[in-house]
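Survey of secondary and tertiary structure
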Amino acid sequence: MPSTGIGTSTEPFVFFCNGRKVVDEDVDPELTLLTYIRTKLRLTGSKLGCAEGGCGACTVMVSSYDADTKTIRHFSVNACLAPICSVHGMAVTTVEGIRSTRTKLHPVQERIAKAHGSQCGFCTPGIVMSMYTLLRNNPVPNMDDIFSAFEGNLCRCTGYRPILEGYKTFTKGGGCCGGRGGQNGCCMMNGSNGDNREQATNGASDELTNRTNGGNSDGVSTALFQADDFTPYDSSQEPIFPPELMTSSLTATKSVSFVGKRLTWHRPVTLPELLNLKAQHPSAKIVVGNTEIGVEVKFKNQLYPILVCTTHIPDLQEISVTDSGIHVGASVNLTTLDEFLKKHIKQIQQSHKTRVFSAIVEMLKWFAGHQIRNVAAVGGNIVTGSPISDLNPLFMAAGCTLELESQKNGRRSVKMDQSFYTGYRRTIMQADEVLVSIHIPYTSQNEYFYGYKQSPRREDDIAIVNAGIRVRFEPGSKVITDLSMAFGGMAATTVMATKTSESMIGREWNDELVSEVSTSLAKELPLLPGAPGGMETYRQSLTLSFFFKFYLKVLEDLDVKVSPVDRSAFTSVDHKNFHSAQFYQEVPSGQPSYDSVGRPDAHKTALQQATGEAVYCDDIPRIEGELYLALVTSTKAHANIIAVDTEAALAIEGVHTYVSAADVPGDNMIGVIIHDEELFATKQVHCVGQIIGGIVAENQAIAQRAAKLVKIQYEELEPIITIEDAIEKQSFLKDPLIVKKGDVEEAFKASDHIIEGEVRIGGQEHFYLETQCSLAIPKGESNEMEIFMSSQSLSHTQHVIADCLGVPYNRVVCRSKRLGGGFGGKESRNFNFNAACAIAANKVNRPVRTMLDRDEDMVMSGTRHPYLGRYKVGFTKEGIVKGLVVDLYANCGISWDLSPAVMERAVLSSDNAYLLPAVIVTGYTCKTNLPSNTAFRGFGAPQGMLVAETWMSQIAVKCGISQEQVRSLNLIREGQLTHFNQTLNNCTVRRCWEECLEKSCYASRRQQVDSWNKANRWKKRGLAAVPTKFGIAFVQKFMNQAGALIHIYTDGSVLVSHSGVEMGQGLHTKMIQVASRYLKVPAKKIFISETSTNLVPNTQPTAASSGSDLNGNAVKDACEKLMHRLEPFMLANPKGTWEDWVTAAYLDRVSLSATGFYKTPNIGYDWEKNEGMPFNYFTFGAAVSEVEIDCLTGDHEVIRTDIVMDVGDSINPAIDIGQIEGGFTQGYGLFTLEDHRWNPKGHLLTRGPGFYKIPGFGDVPKEFNVSLLRGVPNNRTICSSKAIGEPPLFLAASVFFAIKDAITSARADAGVSEEFRLDSPATSDRIRMACVDQFTKQFKEPVPGTYTPFFVRP
Ligand SMILES: Cc1cc2nc3c(=O)[nH]c(=O)nc-3n(C[C@H](O)[C@H](O)[C@H](O)COP(=O)(O)OP(=O)(O)OC[C@H]3O[C@@H](n4cnc5c(N)ncnc54)[C@H](O)[C@@H]3O)c2cc1C
Ligand code: FES
Ligand code: FES
C-alpha cells in the first residue's frame, strides 16, 4: 500500500516492552498488541480469551508520558484490541515483566497464587495485570477500587472469592484478617465492616463466633492461606519508566505514519493535519480506542486501509470549562472524563450545576471495564451511534452540542438531538468531517437530570434499554417548562420521546403525570412483535419504569415527601462490603509433616500461572514449518450442500491447501457413543457451525481470511431448533429412557392434591477461558502423529484421530499439560477440531495448529443441554410427596455425542434429595439442528434437579406451608431407597441441611426479609434454601477405571503420571498429595509433567467428578507397589533417607517404576430392572441464599450465600472450597444470567462475552460462607474423601428460588396471588415481567405463532 505522503515519518516503530526497547522497521499496523507480543516477542503470558475486550485475559499495562504535565500515566489495556501502532513511544508491561518464578515473585503474583485465586490459570495473568496497574496508581487501594479494577476481567473457575480475599490483603488493614486479628483488630469483633456485619453476626454460629475470637475449636480452621507470610508490597521497588521515552521525539510532538501491506496508520499531532488527511481521504477511519473498530475488523470482516489515530491532537484531548458548561475533546478517554467530572463536581460551589455530570459519572460506572474506559473515547461513542450507546441518551437529553469541522467547510455546531442520528449507526456528519468536541451544559437550579441503564449483567455489559431524563420547572414551582427524555435500545438509533415531553409542558409534577406519561410513552416508543433485540414488552416496560424512578426521585429533590414504601424505587442499598468465611477440619495433630493430605496446599502450578510461565496449548512455541488451519463451517442450520468453491481462497498468497472429507484416509464418521457425525460434512449440513472443510495457510490471519472466501452453495431445508419443534415433529435420537418405581396411579389416588406444570432450563456455554486448541505434528515415519491438545479425554480423542487417519491407535499420541478450563466442553466436542487438525497435518505433512476464536468456539462446540420438564406430582395436605410423573426433554442438537448419557443422569437426579415412593421418569432426547450439545459440569443432573425443586416449591404454595418446611419433610434419609433403588448409606444430607439453616440463621432472616418486604414496594428480598445429593461414578460401569505410572529417579525425585487431565480443578495437586502420603515423602519431591496417551493408555475422560477417586486410587496402587519394593531397603537401613533407599534399590537392580490401576468395586446398574448401584456414593450439600431484586427493572443482587457440604475427609480443603465456590458461581450463571438466544433459523445470537454474560467479580454474593461438614470420612474412596467437582453447582438454585420468593412478594403487593412459572435462567426480563404492575400491564405479550420472534430459547 503506498504511503499517502501526509504526516509520514521515516522513523521506525518503537516501544518498550518490559523495559526492553523494541524497534521495528517494518511493523504491520494490522496487528494487535496481543498478536505482536505473543508471536513476535514470544511473550505468551498474556492470553487470548475473546479478542473483543470482554474477558480481560489479555490485559497489559501501558505507560505513557505527558510532556506538558510531565506526568506518567499507567493504564490497563486489552491487548487484543489495542492496535500495535497505538503504543508507539509508550512502555508496555506484560505479566512476564513484573517478575517471575526465576527471580522473585511480585506480591501481586504471589498473593493470587497462595490465596488459591488461580485454578486453570488462563485468566490469571490478566487479573494479575489489572491488579498490578491498580497498585501502580494506588498502592493502598480499598475494596471498591479492587472491585472496580476487575470489572473487565472474567474467571470461569474460581468464583472470584479467593482472588478478592487474596488481594484484600493490599487494602488498608488488610481487609478481613480471617479472625486472626489484623493490624486494626478483628473487624468481626469491632463491627467496622459496615452494614453486612449485622447479618454476619446474626448468622453467627459457634464457628463464626470462634472465628471472631481469632481462634478455632475442635480443629476447625478458617485460614486457607497465611497472609502474614506474604512479601510486603513496596511500590518504590517498581521499575522506572524508560527515560528515553521522556526525552526523545517519541513523546508525541511529531506526526508519524506506519505503512503495512493492507493498512496505513497515521498519527497526526495537529487538527489541521487531521483535517487535511480527511480531506484527501474521506474514507480514512479515525481511531482512538479501537474498541468499536477493533470489533468490526475482527468480527465483521471490515478492512479500513487508512486509519488515523487522533490520540495525540491537543484540540481533541482538551477538557475546558466555560460559563455554560464544559467542552470535552472528542478523543478524551472515558477514564479521563470520569476523573475530570468527579473533581469538577467536588470543586464547583453551586452543586445544582453538575447534575448532568453526576449522571455521566454514575453511568460510566456501568460502562464496560477499566481496560476499555482507559482507551475508549467520548467521540467514539457518539460517532459510532450505536442504539445502545450509554452516553448518547445522556448527551441528548442534556441538550449537548457538538463541534464538527472539515477542511472544506470549516467548523459548525450542531445540536445533539434526534436529528443527529439518521439511521442505524449513521449520523449527519460528512465523510470529511471530524468531531472536535462536545459541549455538556450545566444544569440550572430548577433543573433535574438522571440516567438509567438496564443490562443483563450489572457490570461491564451493554444496555438492554438506557435513558437520560431531564426536567426543568418554573422557578419556585412544580410546573414543567422543559422535559427531555432520550432512550437507547428502543429503535435503530437513540430516540427522544419528544411528543410525550412536549405534551407535558405546563403540567404539574404529580402522580397523575406518571400514568399520562406512561400511556404516551407506550404509544410513542412502540416495539412491534419480532422487533430487533426481542423482549419487546420488557423493553417497553423499562421505559416506563425509568420514568417512574425519575418521577419519584425528582419529587424527593423537590422536597416532597415520598412514602418510605415507594422510595425503594430509586434507593439502593450499598452491598459493596464483601465478606467471606471458610470452615474446614484441620489435619489430625499427629499427621506426619510429609503427608500433605488434608492440608490446604496451593495449586501446584499456581505460581507459574500467576507469572505467565504456565504453558497452554497455544503457548507451545511455533515449530519449524508449522502452518495454521482455519475451519470452513456451515452457515445454514439444515441444508444440502450443492457446491463448494475454493478458488478464491486458494488464490491468496500464503494458502497451502483446502482440506475436506476427500482428505480423510480413514473413517469420516466420528462420535463418542456411536459414530453418527461426519468429521467433514459431505452432502448435507445439520447445523450452523458444522465443519465442512478447512484452509491451511502460513499463518492464522491468512488462513482465516481465505476461509471466509470459500463459497458454499446450499439448498436450504427446514430446520428444527427448539424442544417444542422437536416434540411436534417427533424428532428424537432414540427411544425414551424410563425409570419406574412403585404404583404412581395408586399414589395419586392417595394424594390430597395433584399439581401439574412445566419448567424450562436453558443451555449453558462452557466458556472455558482457553478455547479449543490443537497442534498436530506428523512424525514423518510409520504414520506417527503427535497432537498437543486442550482435551479432557485424551484416549478417546486418540481413537477418533487414529480412526480418521486409518492407522492403529499406537501411532497416535495425544498430549496435554493443562487446560485453560474444560467443564465438560472438551470431553468429546474437541474430537472434531483435533481430528480436523490431524487430517490437515497429515495432508500437508507439516505441523498444523488451530485455535478457535471465541465466537467460533461458541457457535461450533455445543453447550449444556436446554431442558424442558413436564411434571405431575401428588402429595398429602401436609406436603408429603406420594407420586410423581416427570417427562424430561433435552435439546441434544444434531447427534448423540453424550446426550443419552446426560439424559441418564438427569433421570437419575429427578429426585434431587427427596424420597419418591412412586415415580415414572421418562427422558426424551430431542434431535434438532443445533450443534451437538454435550457434557457440562453436572451432566444433566442440575436440569433434573431444577425440575424437582420447581414442583417442590409449588407443593409448599399449594399446602400453605413454608418452602423450607416442605423440603425438610421430604428429604431422603439414611437407609431409604432412591427412585433407582439404591440404598442411601452414610446419608448426610439432613445434617448439611440443618447445619446450613442454622449457620445462615435462616429462621430469623426469614422474618427480617418478610418485614423488609412489607416496608418496600419496588425492591424485594427473597430467601431460599436448597439441598443436593449428587451420585458419584460414571453411570457406565466400564468407565470407572483409571491407571497411573510412577517413576522414582535415582536422585529420589518422583514423576507421577495418571489418567486424569489438569484443567484447573487441582487434580494434579491432589494426586501429588496422595502420592506424598503413600510414598511417605514430602510433596515437593513429586512432580507431574503432563497427561499423555503413551504414559497411561486406555484412559477415561476426566469427568463425572471422579478424577480424584479413580486416579487417586490408581496412584495409591502404584505407590504401594513401589513401597513394597523399597521396603527391604528401608528395613535394612531404618535410619536412612528416602534417597538412600532409592539408591540402594537401584543398585540392587530393583525397578523403580510401577503402574497402578483401579476399578471402582461393586457398582453397575440394570436399567431394565431398575436395580443395582449406578453410584459408588453420594456427595451432599445445602445452601441458603438471599437476594434483592429491583421489581421495576428485573435487576438482582445476591446479598448472602451460605453453603455446607459433605466432602468426606477433604484431601485439600482449599481446592475443595475452590470447587464449591467455583461450581456455585457457574451454577449461578446457569440459573440467572447465562441466556442462550438463537434466531429462528438456528444462528446463535449470544456469541462472545459481549452478548453472553457469565458471572463477573461484581456478582459474588456480598457475603459468601462455605463450611465443610466435619467428621464424615467416606470409606468408599481415596483418603476417605469425596468427589466435589460437580455437586456444588446445583446449590446455586438457592439463588433462583430466592429470586422467585422475592417476585412472589412483589406480586402479592400487586394483588396477584396465583402461582407463577419462572423459567431458568431468571434473567432480568423474566424477573421484571413476573413482577406484574401498572406498567407491565400496559403491554400484551404477542401471541406465539402470530409473528417471527427475534430470538428463540431452544
Ligand atoms: C468490551 C466492550 C465493552 C463496551 N461497553 C460499552 C458500554 O458499556 N456502553 C457503551 O456505550 N459502549 C460500550 N462499548 C463500545 C465502545 O467502547 C464505545 O462506543 C467507545 O466509546 C468507542 O470509543 P473508541 O475510542 O474505542 O472508538 P473507536 O473504535 O476508536 O472509533 C469508533 C468510531 O468513532 C469514529 N470516531 C472516533 N472519533 C472520531 C472523531 N473525532 N471524529 C469522527 N469520527 C470519530 C471512528 O472513526 C469509528 O467509526 C464497549 C465496547 C467493548 C469492546
Ligand atoms: S482476549 Fe482481550 S479481552 Fe478477551
Ligand atoms: S482460573 Fe480463572 S478462568 Fe480458570
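**With respect to the overall build of the protein**
Secondary structure summary: the protein contains 42 helices and 50 strands in total. Over its C-alpha atoms the protein spans a radius of gyration of 31 Å, differing by no more than 12% from the 34 Å that the globule rule assigns to 1354 residues. Dimensions of the protein, computed from the C-alpha atoms along their principal axes, are close to 95 × 75 × 70 Å. In the protein, buried positions account for 65% of the 1354 residues. Total accessible area computed for the protein in this model is approximately 46100 Å², and 51% of it derives from carbon and sulfur atoms.

**Brief notes about helix α39 (residues 1213–1233)**
For α39, which comprises 21 residues, the first-to-last C-alpha distance of 29 Å matches the rise-based estimate of 30 Å (1.5 Å per residue) to within 8%. Counting buried positions over the 21 residues of α39 gives 21, a clear majority of the element. You can read the cap of α39 off the contacts: a side-chain oxygen lies 3.0 Å from the backbone nitrogen of A1214, and it is on N1212.

**Considering the site of ligand 1**
Around ligand 1 sit 30 residues in total, of which I286, V288, T291, E292 and D390 are the nearest. Residue D390 places a main-chain N or O atom 2.8 Å away from an oxygen atom belonging to ligand 1. Within the backbone of L435, one N or O atom sits 2.8 Å away from a nitrogen atom of ligand 1. When residues of the shell around ligand 1 are traced back to their parent elements, those giving at least two are β9 (285–287), α17 (378–384) and β17 (434–441).

**Some words on the sheet that holds strand β32 (residues 753–761)**
Reading across from one edge, β31-β39-β38-β37-β32 is the order of the five strands in this open sheet, with mixed pairing throughout. With one partner strand each, in any of the chains shown, β31 (737–741) and β32 form the two edges of the open sheet. Strand-to-strand twist across the sheet, computed as the mean angle between neighbouring axes with direction ignored, equals 10°.

**A look at the confidence of the model for the protein**
Mean pLDDT for the protein: 94, with 95% of residues reaching 70 or above. Between residues 1–7, whose pLDDT stays under 50, and residues either more than four places distant or in other chains, the model counts 24 contacts. Every residue in residues 176–215 scores below 50 in pLDDT, and together they form 78 contacts with partners more than four places removed in sequence or on other chains.

**Section: the sheet that holds strand β34 (residues 785–789)**
Taking strand neighbours across the sheet as the criterion, the eight strands line up as β25-β29-β23-β36-β33-β34-β35-β44 in an open arrangement whose pairing is mixed. What marks the edges here is a single partner per strand, and that holds for β25 (655–659) and β44 (1091–1092). Here four bridges tie β25 to strand β29 (residues 691–697), and the two strands are oriented antiparallel to one another. Counted as the bridge partner of T657 is V696 from β29. In the packing of helix α25 (residues 700–707) onto the sheet, the strands contacted are β23 (627–633), β25, β29 and β36 (848–851), and the crossing angle to β23 comes to about 25°.

**Considerations on the environment of T354**
For T354, the position within the fold is in the loop between α14 (334–347) and α15 (355–365). A relative accessible area of 2% means that T354 is categorised as buried. In this structure, the C-alpha to C-alpha distance between T354 and Y448, residues 94 residues apart in sequence, is 9.8 Å. Leaving out residues up to four positions away in the same chain, T354 has contacts with I345, I348 and T443. In this structure the side chain of T354 is engaged in a polar contact, spanning 3.1 Å, whose partner is the backbone oxygen of S351.

**Here we look at the environment of K1019**
Looking at the element boundaries, K1019 is found in strand β40 (residues 1019–1032). Overall, the relative accessible area of 8% leaves K1019 in the buried class. Note: C-alpha distance between K1019 and R567 (452 residues apart in sequence) is 9.3 Å. At 2.7 Å, the side chain of K1019 and the backbone oxygen of S568 are in polar contact. Within polar-contact distance, the side chain of K1019 engages the backbone oxygen of T571 at 2.4 Å.

**Structural notes on the pairing of β29**
Counting buried positions over the seven residues of β29 gives seven, a clear majority of the element. Pairing of β23 with β29 involves six bridges; the strand directions are antiparallel. Each residue of the ladder has a partner; that of L629, found in β29, is V696.

**Details of the side chain of T797**
The topology assignment puts T797 in helix α28 (residues 794–805). At 3.1 Å, the side chain of T797 forms a polar contact with the side chain of N830. Among all residues touching T797, those that are not within four sequence positions of it are M789, S791, C814, N830, F831 and N834.

**A short note on the packing of α39 against helix α41 (residues 1293–1309)**
One can describe the packing of α39 onto α41 by two numbers: an axis separation of 8 Å at closest approach and a directional angle of 40°. Accordingly, the angle class assigned to the pair α39 and α41 is oblique. Along the contact surface, α39 presents F1224, Y1228, F1231 and T1232, while α41 presents A1293, S1294, V1295, F1296 and I1299. Class assignment of the residues belonging to the contact of α39 with α41 gives a composition of seven nonpolar, two polar and no charged.

Criteria and cut-off values
Residues numbered from 1 in each chain as written. Chains lettered and ligands numbered in written order. Predicted model: local features only at pLDDT ≥ 70, side-chain atom pairs only at ≥ 80, totals over all residues. Heavy atoms only, no water. Helix = DSSP H or I, 4+ residues; strand = E, 2+ residues; numbered from the N terminus. Rg over C-alpha atoms; globule rule 2.2 N^0.38 Å. Buried < 20%, exposed > 50% of the residue type's maximum accessible area, 1.4 Å probe, protein only. Areas by Shrake-Rupley, 256 points an atom, 1.4 Å probe, with all protein chains shown as cover. Expected span 1.5 Å × (residues − 1). Polar contact = N/O pair within 3.5 Å; in protein donor to acceptor, adjacent residues only side chain to side chain. Near = heavy atom within 4 Å. Pairing = 2+ DSSP bridges. Axes fitted to C-alpha atoms, helices over the stretch in contact; angles between N-to-C directions. pLDDT = per-residue confidence, 0-100. Contact = heavy atoms within 4.5 Å. Parallel < 35°, antiparallel > 145°, perpendicular 65-115°, else oblique. Nonpolar A, V, L, I, M, F, W, Y, C, P; charged D, E, K, R; others polar.

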